[in-house]
Amino acid sequence: KTQLKKMIDSQEELFGMCFAMFVGAFGVGFVPFLFSIPSNRLRQVTVAAAGVLIGTALIVILPEGVHMWFEGQTNNEHDEHEQTHGGHTHEEHEHEGHEHLPVWQIGLALASGFVVMLLIERVMGSGGVGHGHSHTITLGEDPTTGGTVATIPESPASAMVGLVLHSAVDGVAIGASVFVGNAHVSVVIFVAIMLHKAPAALGFVVFLMQQNHKHREIKKYLLIFSLAAPVGALLTFYSLALDIVEYRDMFIANIMLFSAGTFLFVSAVHILPEIVREKQLSWLETTLMCVGVFLPLVINIGHSHSH
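Residues numbered from 1 in each chain as written. Predicted model: local features only at pLDDT ≥ 70, side-chain atom pairs only at ≥ 80, totals over all residues. Heavy atoms only, no water.

Caption draft 1: Representation of the overall build of the protein within the structure. The secondary structure content of the protein amounts to nine helices and zero strands. Ordering the α and β elements of the protein from the N terminus gives α-α-α-α-α-α-α-α-α. Across the 307 residues in the protein, those meeting the buried criterion constitute 44%. Relative to all contacts within the protein whose residues are 6 or more apart in sequence, the contacts with residues 24 or more apart total 82%. (Helix = DSSP H or I, 4+ residues; strand = E, 2+ residues; numbered from the N terminus. Buried < 20%, exposed > 50% of the residue type's maximum accessible area, 1.4 Å probe, protein only. Contact = heavy atoms within 4.5 Å.)

Shown next, in the form of C-alpha cells:
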C-alpha cells in the first residue's frame, strides 16, 4: 500500500517537472517570435547558463553519481558477502569492501557521456557533407543587424539531434532520480535543466530565424526539442516502475555519471569556445559565469541529503 502511495506521489512530482520543463523550454524559445532580443543580453544569458551547466555537472551530478555508485557497490558486495560468509559484522565488511572496488568504472561512465556527445556532433556535423569541417556559424557580427549571431551548426538537423539527445539523457536522469525518491537530486538536475534548456531553446530559435527558416518549421523544431526531456523522464520512470527495466543502484549511478559527461561536453566543448571565439569574456560575463558555476551549490545545500 505505502509503495503504491509513494509511487503516486513520485508520479505527481514527475508530471509537475515534465510539464514545467516543456513549458519552460517552449515558452522561452517562443520569445523571439514575439520580440527581438539584444545580442549582448543573449550572450550574457548563454554565459551564465554555461556556468550553471558546468556547476551542475561538477557539484551535483558527479558527486551524487559517485555516491550512488559506492552505495551500489557496497550493497552488491554486502549481498555476496552474506551468501559466502554468513553474517559478518558490518565494520569488518566495510573495511574489506572499499579496498578493491573497480573505481575506473566511474571514469568510464563519465568519459562515455563525453565521447557519445562528441561522436554525435561528428556524425551529425558532417551530415553527409563531403569535406571535413562542420559548418558552424561563428559568433561574429551579423551584417543585417550589426548584432552577434548565436552559433549552432548550419544544418538545423545536426544541432537538433545533439540537443534532443542531450535533453533526453537529462530526462532519463530526472526520471531515474524521481523513481529512486531522491528528491534533492531530482530538484537540482531539474533546475539545471531549466536554466540550461531555456537559453538553448532561445539561441536555437534566434539562430534559425537568422537563417531565414520558415516560422512554422522553427516552431516544429522547438516543439521536438521541448518534448525530449519530459519524454525521456517519463519513459525512464515507467520502465523502472513497471519492472521493464530492473532497478539497480549501479544502473542509476552510471546514468548520472554519463549525464555529467554530456553536461561537461556541451558546456566546455560547445558553448564556451563559441562565446570566447567571438571576443574575450568581459568581467561582467566572467562574474556571471562564476556565479552560474556555484549556483547549484546553493540549491544543493538547501536540499542536503535526506538519507
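Caption draft 2: Structural view of the nonpolar core. Counting 49 residues, the largest nonpolar core has Met21, Ile174, Ile189 and Met256 as the members making the most contacts within it. Taken together, the elements giving at least two residues each to this core come down to α1 (2-34), α2 (39-85), α4 (104-126), α5 (156-180), α6 (183-210), α7 (215-241), α8 (249-278) and α9 (283-302). If one sorts the elements of this core by residue count, α8 sits on top with twelve residues. Contacts of Met256, omitting those with residues within four sequence positions, involve Ile61, Glu64, Gly65, Met68, Ala173, Val185 and Ile189. Ala201, Phe204, Val205 and Leu222 belong to the second-largest nonpolar core, a separate cluster that totals 14 residues. (Core = buried A, V, L, I, M, F, W, Y, C linked by side-chain atoms within 4.5 Å.)

Caption draft 3: Focus on the environment of Leu264. Inspection of the secondary structure assignment puts Leu264 in helix α8. Spatially, the C-alpha atoms of Leu264 and Gly55 are 9.2 Å apart, while their sequence positions differ by 209 residues. Ignoring any residue separated from it by four or fewer positions in sequence, one finds Leu264 in contact with Ala57, Leu58, Phe114 and Val269.

Caption draft 4: Quick peek at the pattern of salt bridges. Applying the stated criterion across every chain yields a total of one salt bridge. Between Glu285 and Arg43 there is a salt bridge whose closest N-O contact spans 2.7 Å. With Glu285 in helix α9 and Arg43 in helix α2, this residue pair connects regions lying 242 residues apart in the sequence. (Salt bridge = Lys/Arg side-chain N within 4 Å of Asp/Glu carboxyl O.)

Caption draft 5: Geometry of α7. Between its first and last C-alpha, α7 extends 39 Å over 27 residues, near the 39 Å set by a 1.5 Å rise per residue. Taking the largest bend as the criterion, α7 deviates by roughly 35 degrees, centred on Ala228, and proline Pro230 comes between one and four positions later. In the stretch just after α7, Asp243 is the one whose phi turns positive, near 60 degrees. (Expected span 1.5 Å × (residues − 1). Bend = angle between axes of the 7 residues up to and from the residue.)

Caption draft 6: Fine view of the confidence of the model for the protein. Per-residue confidence for the protein gives a mean pLDDT of 76; residues scoring 70 or more make up 79%. Averaged pLDDT values for the elements of the protein fall to 50 in helix α3 (residues 90-97) and rise to 90 in α7. (pLDDT = per-residue confidence, 0-100.)

Caption draft 7: Focus on the packing of aromatic side chains. The tally for this structure, following the rule as stated, stands at seven aromatic pairs. With 4.9 Å between their ring centres and 45 degrees between their planes, Phe30 and Phe33 make a pair best called tilted. Taken together, the residues span about one helical turn, with Phe30 and Phe33 both in helix α1 at a distance of three residues. The exposure class assigned to Phe30 is partly exposed, which follows from its relative accessible area of 25%. Since its relative accessible area comes to 17%, Phe33 is described here as buried. Between Phe237 and Tyr238, the aromatic rings sit 5.2 Å apart at their centres with planes inclined by 90 degrees, giving edge-to-face as the arrangement. Residue class for Tyr238 comes out partly exposed when judged on its relative accessible area of 23%. Members of the aromatic cluster, joined through ring pairs, are Phe22, Phe26, Phe30 and Phe33. (Phe/Tyr/Trp six-rings, centres within 6.5 Å; stacked < 30°, edge-to-face > 60°.)

Caption draft 8: Geometry of a nonpolar patch on the surface. A cluster of nonpolar side chains, contributed by Phe114, Val115, Leu119 and Val269, occupies part of the molecular surface with about 300 Å² of accessible area. It is α4 that provides the largest number of residues to the nonpolar patch, a total of three residues. Its relative accessible area of 31% is what places Phe114 among the partly exposed residues. (Patch = residues over 30% accessible without salt bridge, like charges linked within 9 Å, V, L, I, M, F, W, Y side chains within 5 Å. Areas by Shrake-Rupley, 256 points an atom, 1.4 Å probe, with all protein chains shown as cover.)

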